[in-house]
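Architecture and fold: a report
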Amino acid sequence: MPIALITGITGQDGSYLAEFLLSKGYGVVGMVRRSSTVTFERIQHIQNDIDIVQGDLHDQSSLVAALEQYKPDEIYNLAAQSFVATSWSQAVLTGEVTAMGVTRLLEAIRSVNPKVRFYQASSSEMFGKVTETPQQETTSFYPRSPYGVAKVYGHWITVNYRESYGLYSVSGILFNHESPRRGLEFVTRKISTGVASIKLGLSKELHLGNLEARRDWGFAGEYVQAMWKMLQLDTPEDFVIGTGETHSVRDFAELAFKCVNLNYKDYVVQDPHFLRPSEVDVLISNPAKARQKLGWEPKVKFQGLVEMMVEADLKRLKGSL
């Protein structure tokens, strides 16, 4: 039975990936940080089927210990300070975890077992102020946030360890991927929760930042399958993963309110408080390589994703009334 170690298993992607790997017959080990608050909500339904090990991307020795104890065949590094807005107020922390944490993990692999296959979660935020549209594997990076900068470091250190030490290390450059498990601080989940809350009479307004920012949004449950497919190839390569379509925050809000027969213009308030110091205006992927070499393409369309998220939040909030 192959063993997979997932950092960030309690997050959106980690929970979907754990489910998927279990369905493939893997033994799954999830690395979590020591915390006074238990945040296992997303993996509660599979907690008895996985092993949990304490570890931290700040702490090299904990990474080495986890590799020595569980002897994983594959490692998926999904842990990060992953909220772009927070990366301005916690820029150093973001660099320590999202950038240097990747090096610590690669060093642990190199010292314990260089045969481990390693997946690094790269991000479309690395493209930032885009130099070409759509963005593909060869597009140059121009990050516009401390988060994007840290992800560029994580990406290139992964390439360097592959080329310098012969490690099987790959990066998936994932464009925005959402789901009902998305954190409440992210704009898509903020919208779906806000819409459900307004529909149920729990709130009256939804405050948003830049309504014109455009993103390539897909369903996280499908994107984790692409991660796995990357580690099954004979030769390690990096891939852009996305839908190839772009929609604005305004489009997302309009469709979400339409799901509950409301007009977004009556409820959305554009709030300067939520504007970024520097904005990434348009992100759109060219996922042709993933389609050709991985046989991967998304099935959930934009409208289906929005409806899925609004319905889930309606159900959740109704249950708490």
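Residues numbered from 1 in each chain as written. Predicted model: local features only at pLDDT ≥ 70, side-chain atom pairs only at ≥ 80, totals over all residues. Heavy atoms only, no water.

Along the protein chain, the regular secondary structure elements total 10 helices and 13 strands. Taking 20 Å as the expected radius of gyration for a compact globule of 321 residues, we find that the protein chain reaches 19 Å, a close match to that expectation. Principal-axis analysis of the C-alpha atoms gives the protein chain an extent of 60 × 45 × 40 Å. The 321 residues of the protein chain split such that 53% are buried. Here the protein chain contributes 34 positive and 36 negative side-chain charges, whose respective centroids are spaced 2 Å apart. (Helix = DSSP H or I, 4+ residues; strand = E, 2+ residues; numbered from the N terminus. Rg over C-alpha atoms; globule rule 2.2 N^0.38 Å. Buried < 20%, exposed > 50% of the residue type's maximum accessible area, 1.4 Å probe, protein only. Lys, Arg positive; Asp, Glu negative; His and termini not counted. Charge placed at Lys NZ, Arg CZ, Asp CG, Glu CD.)

A few words on helix α8 (residues 249-258). Turning to α8, its buried residues are Val249, Phe252, Ala253, Leu255, Ala256 and Phe257. Tucked into the core, α8 has its buried residues touching α6 (187-199), β8 (206-208), β12 (247-248), β13 (268-270) and α10 (302-320). (Contact = heavy atoms within 4.5 Å.)

Right, let's talk about the packing of α8 against α10 for a bit. Remark: α8 packs on α10, axes separated minimally by 9 Å, with the N-to-C direction vectors making an angle of 60 degrees. Judged by the angle between their axes, α8 and α10 are oblique. Along this stretch, α8 crosses α10, giving a crossing that reads as right-handed. Of α10, the residues touching α8 (which contributes Asp251, Phe252, Leu255 and Ala256) are Phe302, Gln303, Val306, Met309 and Val310. Residues of the contact of α8 with α10, tallied by class, amount to 7 nonpolar, 1 polar and 1 charged. (Axes fitted to C-alpha atoms, helices over the stretch in contact; angles between N-to-C directions. Parallel < 35°, antiparallel > 145°, perpendicular 65-115°, else oblique. Left-handed = near helix turned anticlockwise from the far one by under 90°. Nonpolar A, V, L, I, M, F, W, Y, C, P; charged D, E, K, R; others polar.)

Here we come to the side chain of Ser123. One can find Ser123 in strand β5 (residues 117-123). Of the polar contacts made by the side chain of Ser123, one reaches the backbone nitrogen of Glu125; its length is 3.0 Å. Once residues within four sequence positions are removed from consideration, Ser123 is found in contact with Tyr147, Lys151, Gly172, Ile173 and Leu174. (Polar contact = N/O pair within 3.5 Å; in protein donor to acceptor, adjacent residues only side chain to side chain.)

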